[in-house]
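# Secondary and tertiary structure notes
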Amino acid sequence: MSTPERSVWHGTGVSVADVSGQMRRLVAEHLRHEHGHATTWSLNLIITPGPYARVHRGLESLQQHRFPARVVALHEHAVHRVDATVTVHCEAGADRRPGFCHEEVALSTDRGHLARAANLVRPLLVGGLPTVVWEAGGDLRVAHTLAPIADRILLDSADFTDAEAALGRAAQLLQVAEVEDAAWRRLDRWRRRLALAADPEDARATALAANRLEVRHGERADALGLLMAGWVAARL
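Here we summarise the structure given alongside this text. Because the structure is predicted, anything quoted here is derived from the model rather than measured.

Here we come to the overall build of the protein. Within the protein, the regular secondary structure consists of 10 helices and nine strands. Buried residues in the protein amount to 41% of all 236 residues. Taking all contacts inside the protein whose residues are at least 6 apart in sequence as the whole, residues at least 24 apart take part in 76%. A total of about 13400 Å² of accessible surface is found on the protein, and carbon and sulfur atoms cover 52% of it.

Below, the discussion takes up the packing of aromatic side chains. By the definition in use, this model includes zero aromatic pairs. If you follow arginine 191 out to its NZ or CZ, it ends over the ring of tryptophan 184, 3.8 Å from the centre.

Our focus in this paragraph is the side chain of serine 20. Among the structural elements, serine 20 can be located in helix 1 (residues 16-31). Take serine 20: its relative accessible area is 15%, and that puts it in the buried class. Of note is the side chain of serine 20, whose polar atom sits 2.8 Å from the side chain of arginine 24. Beyond its immediate chain neighbours, meaning those up to four positions away, serine 20 contacts Pro123 and Leu124.

In a regular helix each residue adds 1.5 Å, so 14 residues correspond to 20 Å; helix 10 (residues 222-235) covers 20 Å between its end C-alpha atoms and thus fits that length. Of the positions making up helix 10, those classed as buried are Ala223, Gly225, Leu227, Met228, Trp231 and Val232. Buried residues in helix 10 make contact with helix 6 (163-173), strand 9 (179-181), helix 7 (182-186) and helix 8 (188-197).

Here strand 7 (residues 131-134) shows two buried faces, one formed by Thr131 and Val133 and the other by Val132 and Trp134. Looking at chain direction, strand 3 (residues 43-47) and strand 7 are connected through four bridges and run parallel. Considered in strand 7, the bridge of isoleucine 46 is made with valine 133. The handedness of the strand 7 to strand 8 (residues 152-155) crossover, carried by helix 5 (residues 140-146), is right-handed.

With that settled, the discussion passes to the nonpolar core. Formed by 38 residues in total, the largest nonpolar core has its most connected members in Val19, Leu74, Leu107, Val121 and Leu146. For this core, the elements supplying multiple residues, two or more each, are helix 1, strand 4 (69-76), strand 5 (83-91), strand 6 (99-109), helix 4 (117-121), helix 5, strand 8 and helix 6. When neighbours within four sequence positions are excluded, valine 19 is seen to be in contact with Trp9, Val14, Ala84, Val86, Val105, Leu107 and Leu124. In this structure, Leu43, Leu45, Ile47 and Leu59 belong to the second largest nonpolar core, which totals 11 residues.

One pass over the full model with this rule turns up 11 salt bridges. With its nearest N and O atoms 2.8 Å apart, the salt bridge here joins glutamate 29 to arginine 25. Note that glutamate 29 and arginine 25 are positioned in helix 1 at a spacing of four residues, about one turn of the helix. We note a salt bridge from glutamate 180 to arginine 185, for which the minimum N-O separation is 3.0 Å. Of the residues examined, arginine 185 reaches a relative accessible area of 46% and is grouped as partly exposed.

Moving on: the side chain of glutamate 104. If you trace the backbone, glutamate 104 turns up in strand 6. As a buried residue without a salt bridge, glutamate 104 has its nearest oppositely charged side chain in arginine 6, at a separation of 7.3 Å. Side-chain polar atoms of glutamate 104 contact the side chain of histidine 89, separated by 3.4 Å.

What counts, and at which threshold
- Residues numbered from 1 in each chain as written.
- Predicted model: local features only at pLDDT ≥ 70, side-chain atom pairs only at ≥ 80, totals over all residues.
- Heavy atoms only, no water.
- Helix = DSSP H or I, 4+ residues; strand = E, 2+ residues; numbered from the N terminus.
- Buried < 20%, exposed > 50% of the residue type's maximum accessible area, 1.4 Å probe, protein only.
- Contact = heavy atoms within 4.5 Å.
- Areas by Shrake-Rupley, 256 points an atom, 1.4 Å probe, with all protein chains shown as cover.
- Phe/Tyr/Trp six-rings, centres within 6.5 Å; stacked < 30°, edge-to-face > 60°.
- Lys NZ or Arg CZ within 6 Å of the ring centre and 35° of its normal.
- Polar contact = N/O pair within 3.5 Å; in protein donor to acceptor, adjacent residues only side chain to side chain.
- Expected span 1.5 Å × (residues − 1).
- Pairing = 2+ DSSP bridges.
- Right-handed = clockwise from strand over helix to strand, strands pointing away.
- Core = buried A, V, L, I, M, F, W, Y, C linked by side-chain atoms within 4.5 Å.
- Salt bridge = Lys/Arg side-chain N within 4 Å of Asp/Glu carboxyl O.
- Lys, Arg positive; Asp, Glu negative; His and termini not counted.

What follows is the structure in structure tokens.
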């Protein structure tokens, strides 16, 4: 079984060049280990400022699933400077095989810097890979500023207590980028089942004659209910 390893660097009042340099240094140290490491990435993932618990859960999930991404997580604080933490996560390979590493950068800064978030994070991204922005529920303007460098903006409308407001955020972001809602993906199985159930001609005729739609959902699933209701209504 592989053994996880981690190297961390913290900096206060730093530049993006400082952060990039320290990240290269930490990676180089792991590459020199006797058992060997290689950096692996499938995409760049930028996380916008949002509630700490939500961002923390997302990062933990990435680590548990060993998702190989270059992660840049943005946080807002009141001081006009950039503070940074660079973490290199590695797993040593078994039976003398090379291990694999990926990097996570946390940048804490003020609104002035966040208004230029694209310029802040661009030097930290891996060239030639898709870039996904995870809109974590903070100031929506940060996601807007990142749209020009994003291949896609990801959000999860089920994370928000106000489902209509969450879907409204998605609609705003659609004006500037391609958007994917994780809540919508979780409805795939239900949509397939409903589509199959409505295939027979008599079932389709009954559905077309309906004048009322009721969707029942579980606790904290308002967004899922709204998305399902919208999908069914659009097919009638």
